[in-house]
Amino acid sequence: MVYTASEDRYKSMKYNRVGRSGLKLPAISLGLWHNFGGVDKFENGREMILRAFDLGITHFDLANNYGPPPGSAEEMFGQVLRKDLSPYRDELVISSKAGYYMWPGPYGEWGSRKYLVASIDQSLKRMGLDYVDIFYSHRFDPDTPLEETMMALDHIVRSGKALYAGISSYSAEQTAEAVAILRQLGTPLLIHQPNYSMLDRWIENGLQDVLEENGVGSIAFCPLAQGLLTSKYLNGVPDSSRAASPTGSLQKDQITPEVLRKIRALNQIAAARGQSLAQFALAWVLRGGKITSALIGASRVSQIEENVEALNQLDFSDEELSRIETILKA
C-alpha cells in the first residue's frame, strides 16, 4: 500500500528553534536506538516511523551502532525512506552519530578523523542518503585531541555529507572547548544530545549554562529514564520489560525501593494534572524552554501517540514544581 502523509501533520506539533540557528526541531523527536534493528519486526518499526511523521515528528535520530546488529537500524530506516518517505525528504531532519564500537582494529570506534569520516560514509550508504541533517560525535574521546574530532565534524559539514554538527554526552568543560574550536573553524556547534530526565539531572550543573551562553540547542535522550518514568514499573518489574532482560541497558538492580517510591509519588502529581507519568515526565523535561526537543523511544505506535499528547500541557505551577523537587531530592 502506498503511503501518503497526513495532511494534518503540522497542525498540533510544537517546533522549537535550535539555539541561535535557523533550524527548528519538533518538541518530541523519535530515536531508533531500540526496536528498529535487524532482530526486530520491520513492519512494526515502519508503522511507528510513519505514525510519528503523521503526528508532526519530523526528526528521526539514529547512530551507526544502533541495532542490533550494529548498523541495522540505519538499514531499516533506509528501507522506510525508499519505500515511503522519499517524497518527504526535505521535510525530515535525519541525524546520525559515531563514537562507539563498530568494527575491529584501532580505527573502529572513538573520535579520530579516520573513524568519523569512514562512519559517515557508511551511514549514508546504509540509509541511501546523500547527506544527513545532523552528524554527532557520539562521545568524547579522551585519547584523541579534541581539535581532531572537531576538524572531522567541520570537514563532514563542508563536504556536504551533513548540514550541521553536533556532540553527545560531552561535559560542560568539553562542550565549551568544542564550541570554541568549531567557531574558529567556521562551523558552529548546532546541538548537544545529553541524557536528561527527572532521575538524571547532571546537565543542570553547568552544561545548560554553556549551551545557553553559546546559542547551542539541546535534545534530551532517555527523558523517560529508559521506561522508569512510565506506568510500566509502578508495580515492580514486569517479565516483558527491558529491566527483566539480563543484557538490557536498564538493569533490575537500578529499580530500587527508593526509585519506586519516587516514581509512584510523581505519578500522583501526574494523575492530578490529568497526565500519564510519561506525559508528565516529558512535559517536565521541556519546561522553561531550555531543552529544544525530547527524544523518545518506542516499541509500539500507541506509545508515540501517548507521548505526543504531553505537549497539550507543558505548564507547571510553582506548587507543582516545588512538590516535584521535594520528591526528587528525598
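Residues numbered from 1 in each chain as written. Predicted model: local features only at pLDDT ≥ 70, side-chain atom pairs only at ≥ 80, totals over all residues. Heavy atoms only, no water.

Turning our attention to the packing of aromatic side chains. The full count for this structure, using the stated rule, is 8 aromatic pairs. Seen from their ring centres, F140 and Y170 are 5.6 Å apart, and the 85° between their planes marks the pair as edge-to-face. Pair noted here: F140 is in the loop between β6 (132–137) and α4 (146–158) and Y170 is in the loop between β7 (162–168) and α5 (172–185), with a separation of 30 residues, a long-range link. Taken together through their ring pairs, the aromatic side chains of Y3, F53 and Y88 make up a single cluster. The ring of F316 carries the charged tip of R273 above its face, separated from the ring centre by 4.0 Å. Sitting above the plane of the W284 ring, R287 keeps its charged end 3.7 Å from the centroid. (Phe/Tyr/Trp six-rings, centres within 6.5 Å; stacked < 30°, edge-to-face > 60°. Helix = DSSP H or I, 4+ residues; strand = E, 2+ residues; numbered from the N terminus. Lys NZ or Arg CZ within 6 Å of the ring centre and 35° of its normal.)

Along the chain, G67 connects to P68 via a cis peptide bond; the corresponding omega equals -5°. Within the secondary structure, P68 sits in the loop between β4 (59–61) and α2 (72–85). Phi angles above zero are rare outside glycine, and S169 is one such case at about 65°. Considering the arrangement of structural elements, one finds S169 in the loop between β7 and α5. By relative accessible area, which is 33% here, S169 ends up partly exposed. Even without glycine at this site, A225 takes up a positive phi of about 50°. Assignment of secondary structure puts A225 in the loop between β9 (217–221) and α7 (257–272). (Buried < 20%, exposed > 50% of the residue type's maximum accessible area, 1.4 Å probe, protein only.)

Counted at 1.5 Å a residue, the expected span for helix α10 (residues 318–329) with its 12 residues is 16 Å, and the 16 Å between its end C-alpha atoms agrees. For α10, every residue scored as buried is listed here: E320, I324, I327 and L328. Summarising the axial view, the buried residues of α10 lie within an arc of 95°, below the 170-degree limit, and thus occupy one face. Those residues of α10 that are exposed and angled more than 90 degrees off the buried face are D318, E319, T326 and K329. Contacts from the buried residues of α10 go to α7 and α8 (277–285). (Expected span 1.5 Å × (residues − 1). Arc of directions from axis to C-beta. Contact = heavy atoms within 4.5 Å.)

If you look at the biggest cluster of nonpolar residues, it comprises 99 residues, and the most contacted ones within it are L30, I49, L85 and I304. Per element, the largest residue contribution to this core is 8 residues, and it comes from α8. Setting aside its immediate chain neighbours within four residues, L30 contacts F36, M48, I49, A52, I57, H59, F60, D61, L295, I296, A298 and I304. (Core = buried A, V, L, I, M, F, W, Y, C linked by side-chain atoms within 4.5 Å.)

A word on the layout of surface pockets. If you add up the space inside the second largest pocket, you get close to 380 Å³. Lining the second largest pocket are 23 residues, and of these G288, G289, K290, I291 and T292 sit closest to its centre. The element that contributes the greatest number of residues to the lining of the second largest pocket is helix α6 (residues 207–214), accounting for 3 residues. Considered class by class, the residues forming the lining of the second largest pocket number 8 nonpolar, 9 polar and 6 charged. (1 Å grid on protein atoms, 1.4 Å probe; cavity = no way out; pocket = protein on both sides within 12 Å on 5 of 7 lines; lining within 4 Å. Points joined across faces, edges and corners; volume = space filled by probe spheres on them. Nonpolar A, V, L, I, M, F, W, Y, C, P; charged D, E, K, R; others polar.)

Now for the sheet that holds β6. Paired through their backbone hydrogen bonds, the strands of a sheet run either parallel or antiparallel. Spatially, 8 strands are ordered β3-β4-β5-β6-β7-β8-β9-β10 in a closed barrel, and the strand pairing comes out parallel. Neighbouring strand axes in the sheet, compared pairwise and without regard to direction, differ in orientation by 30° on average. As judged from the 3 bridges shared by β9 and strand β10 (residues 293–296), these two strands associate in the parallel manner. When the sheet's bridge partners are listed, I219 is paired in β10 with S293. Strands β5 (93–98) and β6 of the sheet are contacted by helix α3 (residues 113–127), whose axis makes an angle of about 140° with β5. (Pairing = 2+ DSSP bridges. Axes fitted to C-alpha atoms, helices over the stretch in contact; angles between N-to-C directions.)

Time to look at the packing of helix α1 (residues 42–54) against α2. Contact pair α1 / α2: the axes reach a minimum separation of 10 Å and the direction vectors enclose 60°. Between α1 and α2, the angle falls in the class oblique. Note on packing geometry: the crossing formed by α1 with α2 is right-handed. For the pair formed by α1 and α2, the contact residues are F42, G45, R46, I49, L50 and F53 on the first element and M76, F77, Q79, V80, K83, D84 and L85 on the second. (Parallel < 35°, antiparallel > 145°, perpendicular 65-115°, else oblique. Left-handed = near helix turned anticlockwise from the far one by under 90°.)

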